[in-house]
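Residues per chain are reported as follows:
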Amino acid sequence: KNQVEQSPQSLIILEGKNCTLQCNYTVSPFSNLRWYKQDTGRGPVSLTIMTFSENTKSNGRYTATLDADTKQSSLHITASQLSDSASYICVVTPTDSWGKLQFGAGTQVVVTP
Amino acid sequence: DAMVIQNPRYQVTQFGKPVTLSCSQTLNHNVMYWYQQKSSQAPKLLFHYYDKDFNNEADTPDNFQSRRPNTSFCFLDIRSPGLGDAAMYLCATSRDKGDNSPLHFGNGTRLTVT
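Residues numbered from 1 in each chain as written. Chains lettered and ligands numbered in written order. Predicted model: local features only at pLDDT ≥ 70, side-chain atom pairs only at ≥ 80, totals over all residues. Heavy atoms only, no water.

Engineer: I'd love a proper account of the overall build of chain A, names of residues and values included.
Structural biologist: Helix and strand content of chain A: 0 helices and 11 strands. From first element to last, N terminus to C terminus, chain A shows the α and β order β-β-β-β-β-β-β-β-β-β-β. Compactness check: chain A gives a C-alpha radius of gyration of 13 Å against a globular reference of 13 Å for 113 residues, within 12% of the reference. Sorting the 113 residues of chain A into buried and exposed places 45% on the buried side. Sequence-distant contacts in chain A: of pairs separated by 6 or more residues, those separated by 24 or more amount to 56%. (Helix = DSSP H or I, 4+ residues; strand = E, 2+ residues; numbered from the N terminus. Rg over C-alpha atoms; globule rule 2.2 N^0.38 Å. Buried < 20%, exposed > 50% of the residue type's maximum accessible area, 1.4 Å probe, protein only. Contact = heavy atoms within 4.5 Å.)

Engineer: So what about the overall build of chain B? Which residues, and what values?
Structural biologist: Each helix and strand counted, chain B has 0 helices and 11 strands in total. Counting from the amino terminus, helix and strand elements in chain B follow one another as β-β-β-β-β-β-β-β-β-β-β. Expressed along its principal axes, the backbone C-alpha trace of chain B runs to roughly 40 × 30 × 30 Å. Across the 114 residues that make up chain B, the buried fraction comes to 48%. Nonlocal contacts in chain B, meaning residues at least 24 apart in sequence, comprise 56% of its contacts between residues at least 6 apart. On chain B, roughly 5500 Å² of surface is accessible, and the fraction owed to carbon and sulfur atoms is 48%. In chain B, the 11 positive side-chain charges and the 10 negative ones have mean positions that sit 6 Å from each other. (Areas by Shrake-Rupley, 256 points an atom, 1.4 Å probe, with all protein chains shown as cover. Lys, Arg positive; Asp, Glu negative; His and termini not counted. Charge placed at Lys NZ, Arg CZ, Asp CG, Glu CD.)

Engineer: Requested: an account of the interface of chain B and chain A, with residues and values cited.
Structural biologist: How big an interface is tends to be stated in terms of accessible area lost as the parts join. With 25 residues of chain B in contact, the opposing surface of chain A contributes 20 residues. The contact between chain B and chain A buries some 1800 Å² in all, and 56% of this surface belongs to carbon and sulfur atoms. Connecting chain B to chain A are 1 salt bridge. Ionic pairing is found between Lys 100 of chain A and Glu 57 of chain B, a salt bridge with its closest N-O pair at 3.0 Å. (Buried area = accessible area lost by both parts, 1.4 Å probe. Salt bridge = Lys/Arg side-chain N within 4 Å of Asp/Glu carboxyl O.)

Engineer: Lay out the nonpolar core in plain terms, naming residues and giving numbers.
Structural biologist: Side chains of nonpolar character tend, in soluble globular proteins, to be buried together. If you look at the biggest cluster of nonpolar residues, it comprises 24 residues, and the most contacted ones within it are Leu 21, Tyr 25, Leu 33, Trp 35, Leu 75 and Tyr 88 of chain A. Every element with two or more residues in this core is listed here: β2 (10-14), β3 (19-25), β4 (30-38), β5 (45-51), β7 (62-67), β8 (72-77), β9 (86-94) and β11 (107-112) of chain A. Aside from chain neighbours lying at most four places away, what touches Tyr 25 of chain A is Gln 3, Val 4, Phe 30, Leu 33, Leu 66, Asp 67, Ala 68, Lys 71, Gln 72 and Val 92 of chain A. With 18 residues, the next largest nonpolar core counts Val 19, Leu 21, Met 32 and Tyr 49 of chain B among its residues. (Core = buried A, V, L, I, M, F, W, Y, C linked by side-chain atoms within 4.5 Å.)

Engineer: Provide a residue-level description of the sheet that holds strand β7 (residues 64-67) of chain B, including the pertinent values.
Structural biologist: All names here are of chain B. Read from one edge of the open sheet, 4 strands run β1-β3-β8-β7, paired in antiparallel fashion. Two strands lie at the open edges of the sheet, namely β1 (4-7) and β7, each paired on one side alone. The average angle at which neighbouring strand axes cross in this sheet is 20 degrees, direction not considered. Bridge count between strand β3 (residues 19-25) and strand β8 (residues 73-78): 6 bridges; the pairing is antiparallel. The residue bridging Ser 24 from the neighbouring strand is Phe 73, located in β8. (Pairing = 2+ DSSP bridges. Axes fitted to C-alpha atoms, helices over the stretch in contact; angles between N-to-C directions.)

Engineer: Mind laying out unusual backbone geometry, listing which residues take part and the relevant values?
Structural biologist: With omega at -10 degrees, the peptide bond leading from Ser 7 of chain A into Pro 8 of chain A counts as cis. With respect to the helices, strands and loops of the structure, Pro 8 of chain A is situated in the loop between β1 (4-7) and β2. Residue Pro 8 of chain B is reached from Asn 7 of chain B by a cis peptide bond, and omega for that bond is -10 degrees. Along the chain, Pro 8 of chain B falls in the loop between β1 and β2 (10-13). If you check the backbone angles, Ala 79 of chain A has positive phi at about 50 degrees while not being a glycine. Here Ala 79 of chain A is to be found in the loop between β8 and β9. Taking the relative accessible area as the measure of exposure, Ala 79 of chain A reaches 33% and is therefore partly exposed. Despite not being glycine, Asp 51 of chain B shows a phi value in the positive range, around 60 degrees. Summarising the element assignment, Asp 51 of chain B is placed in the loop between β5 (44-50) and β6 (53-56).

Engineer: Break down the layout of surface pockets for me, with residues and values.
Structural biologist: Residue and element names in this part refer to chain A. Here the largest pocket is characterised by a volume of approximately 480 Å³. Of all the secondary-structure elements, those providing two or more residues to the lining of the largest pocket are β1, β9 and β11. Broken down by element, the residue count for the lining of the largest pocket peaks at 3 residues, all from β1. Here the lining of the largest pocket is composed, by residue class, of 4 nonpolar, 14 polar and 5 charged. (1 Å grid on protein atoms, 1.4 Å probe; cavity = no way out; pocket = protein on both sides within 12 Å on 5 of 7 lines; lining within 4 Å. Points joined across faces, edges and corners; volume = space filled by probe spheres on them. Nonpolar A, V, L, I, M, F, W, Y, C, P; charged D, E, K, R; others polar.)

Worth remembering: the numbers are spatial, not functional.
What follows is the structure, encoded as structure tokens:
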């Protein structure tokens, strides 16, 4: 069973609207939780990295939150743009096996005019 | 100014014909990874190197081999590609092990097996 589950699997939003993506994980203990953006046909690009002790991290219009007690993270996109259309992947780094990052399957976001 | 470069971007090979994918980095990072990503799925780790120290995932098929001749280059060899090996292959680097620095990914090689 995947240790990182993301929801929704996909979503469509209107340009200018906000959206929130969810990531639930069972990896424990963990060193950090990362969010990546992957455009179609490209490699993932890092958006945010939060250590286990951080609650929130922002990168422009992207804001990630982390609740280590409930093992949940979210990525909020503010004032979406067409260029935000991509897959957003949640990745958790286990403390005891640093090289074996646990990837979620991603949320496919489509922003429409 | 690409920092992790994968070649080729697209590779077509015949069933059973060996193929090599390459990855180079200008970041001087110690760690390099190879991932396989199939459509709408999470990337799956095949191997990673910490410097020359090679780590093979238990479920990586024997058909897949890797070489890292120096810090900058890493190769993925698929000895006898099957139809199920068609996927995007992603190379990534990180500065060191166990730290909180981001992974830097290349743009991948899309492998088609005919």
